[in-house]
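What follows is each chain in one-letter form.
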Amino acid sequence: MKTLEELFRSRVSAFLGRSGLSPTAFGKKALGDPNLMRQIDRGRSPSLRTADRILAFIAEQDGASGGGRDPPPGP
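So, how was this worked out
Residues numbered from 1 in each chain as written. Predicted model: local features only at pLDDT ≥ 70, side-chain atom pairs only at ≥ 80, totals over all residues. Heavy atoms only, no water. Salt bridge = Lys/Arg side-chain N within 4 Å of Asp/Glu carboxyl O. Helix = DSSP H or I, 4+ residues; strand = E, 2+ residues; numbered from the N terminus. Buried < 20%, exposed > 50% of the residue type's maximum accessible area, 1.4 Å probe, protein only. Phe/Tyr/Trp six-rings, centres within 6.5 Å; stacked < 30°, edge-to-face > 60°.

Draft legend 1. Expanded view of the pattern of salt bridges. Applying the stated rule across the entire model yields four salt bridges. Salt-bridge contacts for Arg18 lead to Asp62; the nearest nitrogen and oxygen are separated by 2.8 Å. Linking Arg18 in helix H1 (residues 4-19) with Asp62 in helix H4 (residues 48-64), this pair joins segments that are 44 residues apart in sequence. Taking the relative accessible area as the measure of exposure, Asp62 reaches 9% and is therefore buried. Ionic contacts of the salt-bridge type, sharing partners, join the residues Glu5, Arg9 and Asp41 into one network.

Draft legend 2. Looking closely at the packing of aromatic side chains. Applying the stated criterion across every chain yields a total of three aromatic pairs. Pairing Phe15 with Phe26 gives two aromatic rings, centres 5.7 Å apart and planes at 50 degrees, and the pair type is tilted. One end of the pair, Phe15, is in helix H1; the other, Phe26, is in helix H2 (residues 23-31), and 11 residues separate them in sequence. Accessibility expressed as a relative area gives 4% for Phe15, which makes it buried. For Phe26, a relative accessible area of 0% gives the class buried. Their ring planes at 80 degrees and their centres at 6.1 Å tell us that Phe15 and Phe57 sit as a pair that is edge-to-face. With Phe15 in helix H1 and Phe57 in helix H4, this residue pair connects regions lying 42 residues apart in the sequence. The pair formed by Phe15 and Phe57 is uniform in burial state, with each residue classed as buried.

Quick look at the structure:
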């Protein structure tokens, strides 16, 4: 079973692949923080509130672009 951190990272990674945004542009657009993904890659663990904001941004962008969806979680 995947951890919440793994699920979160997977969701963000899938969005980056779909959207074509660079990690820097993603952080800047999602939270106004161009260093967001670099810090997460270095071990920063976003708060639940921050993770909610990031996931809301992804959902909003997916809705605006016609609804790209993440693949269902694997076993």
